[in-house]
Amino acid sequence: MSKMKLKTEQRDVLISALKIRFERNKNRHKGIEWTKLQGKLEDNNDKLWSLNEMERTGGEPDVVGYDKKMGEYIFYDCSAESPKGRRNLCYDPDALASRKEFKPKDSALNMAAAMGIEILTEEQYRELQTLGKFDTKTSSWVKTPSNIRKLGGAIFCDRRFDTVFIYHNGAESYYAARGFRGSLKV
């Protein structure tokens, strides 16, 4: 996939926004040093472009971990609610193609691929919820197991009553309050 490159000014604005978020939310990334992370970001133009797409669509990406084995920082969308620029989407391309009327603009999996990110799994979603209270008014599609998807379904999660819930819906459904959250390794 050919990705756009950020202009120097865009890179600087993005890195500044990420640094501010990093410093405001230290509980999300204990033991991670900003200077090392910044160096890694500056060396990865493609990943910066993807992070900018996460930011542009309202995801408020932040570091949530570090994979020592792979030497990669892990970013998740950490916006309080499902990212505004990624709502009103059905689950995947097959679901989008199956709609005869009132098609949404895209699917969650299509959009994630175009952004160069992965949709969160249920496990990652639950991990995110240990770092704060997310999706208290919205919901987010999560990676659906193939056995559920083969039967026409897809799963999504939210947080209500101070509890994380997992639900199901037809993969072709879409709602104004349902989007998706992504992850990216840098």
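Student: Please give an account of the packing of aromatic side chains that cites residues and values.
Tutor: Summed over the entire model, instances satisfying the criterion amount to 6 aromatic pairs. With 4.7 Å between their ring centres and 55° between their planes, Tyr-66 and Tyr-73 make a pair best called tilted. When the centroid spacing of 5.1 Å and the interplanar angle of 20° are considered together, the rings of Phe-156 and Tyr-167 count as stacked. On the criterion of sequence distance, the pair formed by Phe-156 in strand β5 (residues 153-160) and Tyr-167 in strand β6 (residues 163-170) is long-range, its members being 11 residues apart. Members of the aromatic cluster, joined through ring pairs, are Tyr-91, Trp-141, Phe-156, Phe-165 and Tyr-167.

Student: An account of the sheet that holds β5 is requested, with residue identities and associated values reported.
Tutor: The sheet built from 4 strands is open, its strands ordered β6-β5-β4-β7 with mixed pairing. Every interior strand has two partners, whereas the edge strands, β6 and β7 (178-180), have only one. The mean angle between the axes of side-by-side strands here comes to 35°, regardless of whether they run parallel or antiparallel. Sheet analysis places strand β4 (residues 139-142) next to β5, joined by 3 bridges and oriented antiparallel. Across the sheet, the residue bridging to Ser-140 is Cys-157, located in β5.

Analysis parameters
Residues numbered from 1 in each chain as written. Predicted model: local features only at pLDDT ≥ 70, side-chain atom pairs only at ≥ 80, totals over all residues. Heavy atoms only, no water. Phe/Tyr/Trp six-rings, centres within 6.5 Å; stacked < 30°, edge-to-face > 60°. Helix = DSSP H or I, 4+ residues; strand = E, 2+ residues; numbered from the N terminus. Pairing = 2+ DSSP bridges. Axes fitted to C-alpha atoms, helices over the stretch in contact; angles between N-to-C directions.

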